[in-house]
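Understanding the architecture of this molecule
Here is what each chain is made of, one letter per residue.
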Amino acid sequence: MRLDKFLKVSRLIKRRTVANEACDAGRVLVNDKTAKASVNVKAGDIIEIQFGTRNVKVEVLDVKETVRKEEAENLYRYL
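Residues numbered from 1 in each chain as written. Predicted model: local features only at pLDDT ≥ 70, side-chain atom pairs only at ≥ 80, totals over all residues. Heavy atoms only, no water.

**With respect to the overall build of the protein**
A count of helices and strands for the protein gives two helices and five strands. Going from N to C terminus, the protein has its helices and strands arranged as α-α-β-β-β-β-β. In summary, the protein has a C-alpha radius of gyration of 11 Å against a globular reference of 12 Å for 79 residues, a match within 12%. Expressed along its principal axes, the backbone C-alpha trace of the protein runs to roughly 30 × 25 × 25 Å. Every one of the 79 residues in the protein was classed for burial, and the buried ones make up 38%. For the protein, the share of sequence-separated contacts (at least 6 apart) that also reach a separation of at least 24 residues comes to 38%. Side-chain charges in the protein split into 17 positive and 12 negative, and the spacing between the mean points of these groups amounts to 3 Å. (Helix = DSSP H or I, 4+ residues; strand = E, 2+ residues; numbered from the N terminus. Rg over C-alpha atoms; globule rule 2.2 N^0.38 Å. Buried < 20%, exposed > 50% of the residue type's maximum accessible area, 1.4 Å probe, protein only. Contact = heavy atoms within 4.5 Å. Lys, Arg positive; Asp, Glu negative; His and termini not counted. Charge placed at Lys NZ, Arg CZ, Asp CG, Glu CD.)

**Digging into the pairing of strand S3 (residues 46–51)**
Where strand S1 (residues 28–30) meets S3, three bridges bridge the pair, whose relative direction is antiparallel. Across the sheet, residue Val30 finds its bridge partner in S3, namely Ile47. Relative to strand S4 (residues 54–60), S3 runs antiparallel, the two being bridged by six bridges. Across the sheet, the residue bridging to Phe51 is Arg54, located in S4. Between S3 and the antiparallel strand that follows it, S4, lie two residues; Gly52 among them carries a positive phi value of about 60°. (Pairing = 2+ DSSP bridges.)

**Remarks on the packing of aromatic side chains**
Any pair of aromatic rings gets described here by the distance separating the centres and the angle formed by the planes. Counting across every chain of the model gives one aromatic pair. Ring plane angle 90° and centroid distance 5.4 Å describe the contact between Tyr76 and Tyr78, whose orientation is recorded as edge-to-face. Among the residues examined, Tyr78 registers a relative accessible area of 54% and is labelled exposed. (Phe/Tyr/Trp six-rings, centres within 6.5 Å; stacked < 30°, edge-to-face > 60°.)

**Some remarks on the side chain of Glu48**
On the secondary structure map, Glu48 appears in strand S3. Buried and unpaired, Glu48 has no salt bridge, with Lys57 as the nearest side chain of opposite charge at 4.3 Å. Here Asn55 takes part through its side chain, which lies 3.1 Å from a polar atom of the side chain of Glu48. Filtering out sequence-adjacent residues up to four positions away, Glu48 remains in contact with Arg27, Val28, Leu29, Asp32, Asn55, Val56 and Lys57. (Salt bridge = Lys/Arg side-chain N within 4 Å of Asp/Glu carboxyl O. Polar contact = N/O pair within 3.5 Å; in protein donor to acceptor, adjacent residues only side chain to side chain.)

Given below as structure tokens:
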């Protein structure tokens, strides 16, 4: 699954366009490398997002096309 879509489906970022902009600005790292929105994400990958002064680091546990809001947190684990 594309990185921008995963960020939206997992609700780490609310909208796919915002996820795209964060990737273009170089604020998203996958496995310690700056990532484009088109990078494929799989279970086991480490994603780090910089929100201003705050950094969020998560491990991808599962990849699904669609999930309900309550189940979105099951797709990743905070590190």
